[in-house]
Amino acid sequence: MKIENQNKPHTLTTEAKPVKSPKSTPAPTEASKGTQEPVQGTAARITQWFAQVGVSLPYQGLRTNSIESRVQKREKIAAQRKLNNIERVFEKALAFCIEQDKNERIDPDWFYNFVCMAEEIHSSSMQELWGKIFAVETSRPGSFSLRTLLTLKQLTQKDAQTFRRAVSLSSRRRDDTTPKLLSGFYQKPSMFALFSLRKEQQLNLAVFGLSYPDLLSLMDLGLIHQTEIESGEWPMDTKFEWRSNGQTFNLTANKNGTTLKYYKFTTTGAELFTLVGANKQEKYLEALKLTLSSAFTID
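The structure contained in this document is the topic of the report that follows. The structure presented is a predicted model; accordingly, all values stated were derived computationally and were not measured.

**Concerning the packing of aromatic side chains**
Next up, step 1: Inspection of the entire model under this criterion finds 11 aromatic pairs.
Next up, step 2: Ring centres of F111 and Y112 lie 5.1 Å apart, and the angle between their planes is 75 degrees; on these two criteria the pair is classed as edge-to-face.
Next up, step 3: Overall, the relative accessible area of 30% leaves F111 in the partly exposed class.
Next up, step 4: The class for Y112 is exposed, based on a relative accessible area of 56%.
Next up, step 5: Ring geometry for F208 against Y284: centres 5.5 Å apart, planes inclined by 80 degrees, an arrangement best described as edge-to-face. With F208 in the loop between β4 (199–202) and α8 (212–220) and Y284 in helix α10 (residues 282–292), this pair connects stretches of sequence that are 76 residues apart.
Next up, step 6: Put simply, the rings of W110, F111, Y112, F114, W130 and F134 pair up and form one aromatic cluster.
Next up, step 7: Between K180 and the ring centre of Y262, over which it is positioned, the NZ or CZ distance is 5.5 Å.

**Topic: the sheet that holds strand β9 (residues 296–298)**
Next up, step 1: What the 4 strands build is an open sheet, ordered β2-β6-β7-β9; its pairing is antiparallel. The open sheet is flanked by β2 (172–173) and β9, the only strands paired with a single partner.
Next up, step 2: Here 3 bridges tie strand β7 (residues 247–253) to β9, and the two strands are oriented antiparallel to one another. Bridge pairing in β9 links A253 to F296.
Next up, step 3: Docked against the sheet, α10 engages β6 (239–244), β7 and β9, running at close to 10 degrees with respect to β7.

**What about a nonpolar patch on the surface?**
Next up, step 1: Side chains of I46, W49, F50 and V55 sit close together on the surface and give an oily, nonpolar patch of about 440 Å² of accessible area.
Next up, step 2: As for its position among the elements, F50 is in helix α2 (residues 36–51).

**Digging into helix α3 (residues 67–95)**
Next up, step 1: Between its first and last C-alpha atoms α3 spans 43 Å; for 29 residues at 1.5 Å apiece the expected length is 42 Å, and the two agree.
Next up, step 2: Residues of α3 that are buried: I77, A78, N85, I86, V89 and A93.

**Things to note about the packing of helix α5 (residues 124–139) against helix α6 (residues 146–154)**
Next up, step 1: Direction vectors running N to C along α5 and α6 enclose 170 degrees, while the axes themselves pass 11 Å from each other. Judged by the inter-axis angle, α5 sits roughly antiparallel to α6. Residues M126, L129, W130 and I133 of α5 form the contact with α6, whose participating residues are L149, L152 and K153.
Next up, step 2: Residue composition of the contact of α5 with α6, by class: 6 nonpolar, no polar and 1 charged.

**Examining unusual backbone geometry**
Backbone geometry follows two general trends: most residues other than glycine have a negative phi, and most peptide bonds adopt the trans configuration.
Next up, step 1: We note that D175 has phi near 70 degrees; this positive angle belongs to a residue other than glycine.
Next up, step 2: Within the fold, D175 resides in the loop between β2 and β3 (180–187).
Next up, step 3: A positive phi is found at N245, a non-glycine position, where the angle reads about 50 degrees.
Next up, step 4: Within the fold, N245 resides in the loop between β6 and β7.
Next up, step 5: With relative accessibility at 22%, the residue N245 sits in the partly exposed group.

**Thoughts on the nonpolar core**
Next up, step 1: Counting 58 residues, the largest nonpolar core has F114, W130, I133, L260 and F296 as the members making the most contacts within it.
Next up, step 2: For this core, the element with the most residues is α5, which contributes 6 residues.
Next up, step 3: Setting aside anything within four residues of it in sequence, one finds I133 in contact with W110, F114, F144, L149, L152, L272 and L275.

**Overview of the environment of Q127**
Next up, step 1: The residue Q127 is located in helix α5 in this model.
Next up, step 2: Classification of Q127 as buried rests on a relative accessible area of 2%.
Next up, step 3: Each C-alpha atom, one on Q127 and one on E91, is 9.4 Å from the other, the two residues being 36 residues apart in sequence.
Next up, step 4: Discounting chain neighbours no more than four positions away, the residues touching Q127 are N85, R88, V89, K92, I121 and H122.
Next up, step 5: Of note is the side chain of Q127, whose polar atom sits 3.4 Å from the side chain of N85.

What counts and how
- Residues numbered from 1 in each chain as written.
- Predicted model: local features only at pLDDT ≥ 70, side-chain atom pairs only at ≥ 80, totals over all residues.
- Heavy atoms only, no water.
- Phe/Tyr/Trp six-rings, centres within 6.5 Å; stacked < 30°, edge-to-face > 60°.
- Buried < 20%, exposed > 50% of the residue type's maximum accessible area, 1.4 Å probe, protein only.
- Helix = DSSP H or I, 4+ residues; strand = E, 2+ residues; numbered from the N terminus.
- Lys NZ or Arg CZ within 6 Å of the ring centre and 35° of its normal.
- Pairing = 2+ DSSP bridges.
- Contact = heavy atoms within 4.5 Å.
- Axes fitted to C-alpha atoms, helices over the stretch in contact; angles between N-to-C directions.
- Patch = residues over 30% accessible without salt bridge, like charges linked within 9 Å, V, L, I, M, F, W, Y side chains within 5 Å.
- Areas by Shrake-Rupley, 256 points an atom, 1.4 Å probe, with all protein chains shown as cover.
- Salt bridge = Lys/Arg side-chain N within 4 Å of Asp/Glu carboxyl O.
- Expected span 1.5 Å × (residues − 1).
- Parallel < 35°, antiparallel > 145°, perpendicular 65-115°, else oblique.
- Nonpolar A, V, L, I, M, F, W, Y, C, P; charged D, E, K, R; others polar.
- Core = buried A, V, L, I, M, F, W, Y, C linked by side-chain atoms within 4.5 Å.
- Polar contact = N/O pair within 3.5 Å; in protein donor to acceptor, adjacent residues only side chain to side chain.

Shown next, in the form of structure tokens:
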């Protein structure tokens, strides 16, 4: 935690017993029948996937096809796929057109890097996200760094869903652009109770759909910082406003030596945070307030 200011397997064998009158070969059982179909089904799916990128085995097509013609076919399919992807991103971007805040132009290097990456985005949901990024960048150049685009390009749909859950559980303090996943608090023992146990409470985020492996995944992707953070001590009797998915609450420390514990979004995570819509998490917010109420006045 860092402080931040404000069995080896054995083989089972059986002994074969002679059959008295093997007059005929037994018919295959239902189990043996079923073993072939999944294999064939899997082979068909594998073939279909590779066909989408213009790849087939010689016995699956015409043997007369030269290597040159097969290469040309693959290149054509790849070019068509890239064009289709970028056209969809373009279409999504137009749907998100917003008024321009700055009289500035997008950095050409940023634009061509964006196009090269967006050409490889295939799912509709991710194309929508990339379209939204371009619309925002057009309105406010500099909103998204190339590092953020590279991180986003690595995200699978599962990663995106995990990040969305993190966004839905996040909070931001007023005038602070970096979201945080509040998880609990710690109170330093007073001088008159130095040998008492430290007072702290922790909220289990897994109860609300964000497990520790999910947090580790977001850390590996560079969307949240690697360790849980402990804030600096909060001044006593000073109210601080927080916002969580449109809901506002105020925290006032009841005693000195009180700190908040949280996971903090990285710069990349904070940039992508602005693009992700999330549902309100009433139960999480209720549980968070209940956890913090031992150390803070909440209104």
